[in-house]
Amino acid sequence: MKPINVDRQLNPPYLPEEHMAPVPLPANRFLSLRTKFVAFFSLILVIACSTLSWYYVEERREAMTDNLQQLGTILLTSVVHNEHFQYAGLVAEDRATLQQFIEGLVAVQDVVYVVITGSDGTVLARHTKGVRQSSASLVRSVDHPLYPDHQIVKQLFQSSSTTTPLMTRLSLSSNLGNPFAWEEIVYDFAMPVLRTAKGNISPPPFSIQLDEGSTNLSPTQPALVSGVVQIGLTDAHLKHELATMIRNILVLTALIIGAGVLGAHLLTLRITKPLRNLAGVAQQVAEGRSPVPLTPSTRDEVGQLTSMFNLMTHSLQERSLAITANMATIKHQVGQLTTLHQVSAAIARTLDLNQILNTVL
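Keep in mind that what you see is a predicted model, and the values were worked out from it rather than measured.

Colleague: Summarise the overall build of the protein; cite the residues concerned and give the values.
Modeller: Per the secondary structure count, the protein includes seven helices and seven strands. For the protein, the sequential pattern of α-helices and β-strands runs α-α-α-β-β-β-β-α-β-β-β-α-α-α. For the protein, the proportion of its 361 residues judged to be buried stands at 32%. Considering only intrachain contacts with a sequence separation of at least 6, the fraction spanning at least 24 residues in the protein is 69%. Put simply, the protein shows about 23,800 Å² of open surface, and 60% of that area lies on carbon and sulfur atoms.

Colleague: Kindly report on the packing of aromatic side chains, identifying the contributing residues and their values.
Modeller: Summed over all chains, the structure comprises two aromatic pairs. Measuring from centroid to centroid gives 6.3 Å for Phe37 and Phe41, while their planes differ by 10°, and the two rings are stacked. Placement of the pair is Phe37 and Phe41 together in helix 1 (residues 33–80), with a separation of four residues, close to one helical turn. Of the residues examined, Phe41 reaches a relative accessible area of 34% and is grouped as partly exposed. Relative to Phe101, the ring of Phe85 lies with its centre 5.1 Å away and its plane at 65°, an arrangement referred to as edge-to-face. Of this pair, Phe85 sits in helix 2 (residues 83–91) while Phe101 is found in helix 3 (residues 95–106), placing the two residues 16 residues apart along the sequence. The exposure class of Phe101 is buried, given its relative accessible area of 16%. Note that Arg126 overlies the ring of Tyr147, its terminal NZ or CZ placed 4.0 Å from the centroid.

Colleague: Could you give an account of the nonpolar core, naming the residues involved and the relevant values?
Modeller: Note on soluble globular proteins: their nonpolar side chains tend to be buried together. Counting 25 residues, the largest nonpolar core has Phe85 and Ile231 as the members making the most contacts within it. Counting residues per element, the ones that place at least two in this core are helix 1, helix 2, helix 3, strand 1 (111–118), strand 2 (123–128), strand 6 (184–195) and strand 7 (224–234). Contact partners of Phe85, with chain neighbours within four places excluded, come to Val79, Leu90, Leu98, Phe101, Ile116, Val193 and Val229. Residues Val57, Met64, Leu238 and Met245 belong to the second largest nonpolar core, which totals six residues.

Colleague: Got a sec to walk through the pairing of strand 1? Specific residues and values, please.
Modeller: The element strand 1 is largely enclosed, with a buried count of eight among its eight residues. Direction of pairing for strand 1 relative to strand 7: antiparallel, over a ladder of seven bridges. In the sheet register, Tyr113 faces strand 7, and the bridge partner there is Gly232. With five bridges joining them, strand 1 and strand 2 adopt antiparallel strand pairing.

Analysis parameters
- Residues numbered from 1 in each chain as written.
- Predicted model: local features only at pLDDT ≥ 70, side-chain atom pairs only at ≥ 80, totals over all residues.
- Heavy atoms only, no water.
- Helix = DSSP H or I, 4+ residues; strand = E, 2+ residues; numbered from the N terminus.
- Buried < 20%, exposed > 50% of the residue type's maximum accessible area, 1.4 Å probe, protein only.
- Contact = heavy atoms within 4.5 Å.
- Areas by Shrake-Rupley, 256 points an atom, 1.4 Å probe, with all protein chains shown as cover.
- Phe/Tyr/Trp six-rings, centres within 6.5 Å; stacked < 30°, edge-to-face > 60°.
- Lys NZ or Arg CZ within 6 Å of the ring centre and 35° of its normal.
- Core = buried A, V, L, I, M, F, W, Y, C linked by side-chain atoms within 4.5 Å.
- Pairing = 2+ DSSP bridges.

Given below as structure tokens:
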């Protein structure tokens, strides 16, 4: 009988122990999920709030500018089409009447000057509130008068057939205030006072005629220019209201962004904290330790994931115990097979009964 090799390996080869060691988790050299989510949500919130705020401010500014221009048109046409102003004021050159109309116009908050020019180009009456003392103040100083350029009146005398107000933007720069403040713009509204020939029906007082086709002037009877009325309206109050509104919007936007960032931080913390706990338990399982079961803190997907992870670790522990028990059984059976192998080898080498009994015992 051919002897059996005692040195033969009965168990299958296993990998070395260093290859079975758990792979360590990578170092925290990247942005966490919470940081990415908070940064992305904050960026979206900032862009959305800034865009909406800018759109609201632009729409509000355009609406206020249109209202200011409509106010100047209404004031000017109401005075120009007033018969008492035409005849008692311009034709008769009654200073008291002119002063009465000027005081009524200057009482409007946005009106900064009123200039009434006669048919011969001379100024019959005028009044101004002056320029602002500083760009940050709405108080005006009469020591520094503010009047429009006389070229506007000359242009109207040359084109005396116009029946609509001529609006001119006058930019004013102030060196007394903040250089970063908005530039004040004065809208100059000028319109000639037309007096028709005798027999024509003049427009009713305080009527607003903005279209050229609405005039009663006949092309065969040219109108007479009694004078020119100029009214200047400033947008200082408009810009002051806009500045206050922008400041309030910025404060409100900052509060909204702060509340949104805080909410995003709390939300991501509610998500990432259970994930970190799961990562710690997974590390313990990878190291071969028995982890403590986690308690689901929520009833959402993260809570379901925690419950399933607990079930998985429990199954792994049971499987590990079963594998350990099977390994013990296999080792015991291998020991028995080794004994039988040694007995058979001894029988094969010799037939000495005493040696066989000693080996068996």
